[in-house]
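One letter stands for each residue in the lines below.
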Amino acid sequence: MYLARQHGVVHELSLCQAIAGVVKPHAAGRHVDVVRVQVGALRQVVPESLEFCWSLVCEHLDDSMTDTQLELEFLPAEVACRPCGERSVIDSRWSVCCAKCESVDVEVLRGNEFLVTSIEVS
Ligand SMILES: [Zn+2]
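Every value quoted in this text rests on a predicted model; they were computed, and no experiment measured them. (Residues numbered from 1 in each chain as written. Predicted model: local features only at pLDDT ≥ 70, side-chain atom pairs only at ≥ 80, totals over all residues. Heavy atoms only, no water.)

### As for the nonpolar core
Part 1 of the reasoning: One finds Ile19, Val35, Val37, Trp54, Met65 and Leu70 to be the most contacted residues of the largest nonpolar core, which totals 19 residues.
Part 2 of the reasoning: Taken together, the elements giving at least two residues each to this core come down to α1 (2–27), β1 (32–40) and α2 (47–59).
Part 3 of the reasoning: A total of 6 residues in this core trace back to one element, the largest contributor, which is α1.
Part 4 of the reasoning: Residue contacts for valine 37: discarding those within four places in its chain leaves Ile19, Leu70, Glu71, Leu72, Glu73, Phe114, Leu115, Val116 and Thr117. (Core = buried A, V, L, I, M, F, W, Y, C linked by side-chain atoms within 4.5 Å. Buried < 20%, exposed > 50% of the residue type's maximum accessible area, 1.4 Å probe, protein only. Helix = DSSP H or I, 4+ residues; strand = E, 2+ residues; numbered from the N terminus. Contact = heavy atoms within 4.5 Å.)

Here it is, written out as structure tokens:
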């Protein structure tokens with residue numbers, strides 16, 4: 001359990017560093033007020049961990065990203081079942097299987113998004 005939690009935070013920390021890396025050049029020295037991010041359900045992101053890591057990452061950057069708000073928009077995942085052909089929308093990030101026959105032999109159509117959609121600067 002301890003290891004799993006650690007792993008989760010490391011995962012989220014690297015995502016936050018990736019967000020900061022995308023945002024910083026766009027801000028070009030201005031203060032960043034809000035960053036909006038779309039996260040696919042299959043990213044297995046825990047919102048609380050992401051926000052916690054975000055505050056850590058912001059602390060270690062320069063003044064342009066102090067108190068920057070992270071707004072998350074979660075997108076459902078969609079899979080296509082290979083055995084039966086059914087398309088299922090998945091909103092639980094922990095089980096990925098066909099809604100019709102419960103097969104786990106599925107092709108992921110969407111749900112791996114991780115995108116900075118917009119930022120607000122001042
Ligand atoms: Zn199926």
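Additional details are given in the paragraphs that follow.
### Re the UniProt feature "binding site: Ni(2+)" (unreviewed entry) in the protein
Part 1 of the reasoning: Look at the UniProt record and you will see "binding site: Ni(2+)" (unreviewed entry) annotated at His11.
Part 2 of the reasoning: Residue placement: histidine 11 occurs in helix α1.
Part 3 of the reasoning: The partly exposed category is assigned to histidine 11, whose relative accessible area is 26%.
Part 4 of the reasoning: In this structure, histidine 11 is in contact with Arg43, Gln44 and Val45, ignoring residues within four places of it in sequence. (UniProt positions renumbered as here; feature names shortened; annotations may be inferred.)

### Here's the deal with the pairing of strand β4 (residues 87–90)
Part 1 of the reasoning: Here β4 shows a clear split, with Ser88 and Ile90 buried on one side and none of Arg87 and Val89 buried on the other.
Part 2 of the reasoning: Linking strand β3 (residues 77–81) to β4, which pair antiparallel, is a turn of 5 residues; within it glycine 85 sits at a positive phi near 85°. (Pairing = 2+ DSSP bridges.)

### Side note on unusual backbone geometry
A negative phi angle is the norm for most residues apart from glycine, just as the trans form is the norm for most peptide bonds.
Part 1 of the reasoning: For glutamine 44, which is not a glycine, the phi torsion comes out positive at approximately 55°.
Part 2 of the reasoning: Assignment of secondary structure puts glutamine 44 in the loop between β1 and α2.

### Here's the deal with the sheet that holds β3
Part 1 of the reasoning: Strand order in the open sheet formed by 3 strands is β4-β3-β5, and the pairing between neighbours is antiparallel. Strand pairing shows two members of the sheet lacking a second neighbour, β4 and β5 (106–110), which therefore form its edges. Adjacent strand axes in the sheet meet at a mean angle of 30°, parallel and antiparallel pairs treated alike.
Part 2 of the reasoning: Both β3 and β5 contribute to a ladder of 4 bridges, which runs antiparallel. By the bridge assignment, valine 79 is partnered in β5 with valine 108. (Axes fitted to C-alpha atoms, helices over the stretch in contact; angles between N-to-C directions.)

### Some words on the sheet that holds strand β6 (residues 114–121)
Part 1 of the reasoning: With respect to topology, 3 strands assemble into an open sheet ordered β2-β1-β6, the strand pairing being mixed. Only two strands of the sheet have a single neighbouring strand rather than two, namely β2 (69–75) and β6. Averaged over all neighbouring strand pairs, the angle between strand axes comes to 20°, with direction disregarded.
Part 2 of the reasoning: Strands β1 and β2 of the sheet are contacted by α2, whose axis makes an angle of about 150° with β2.

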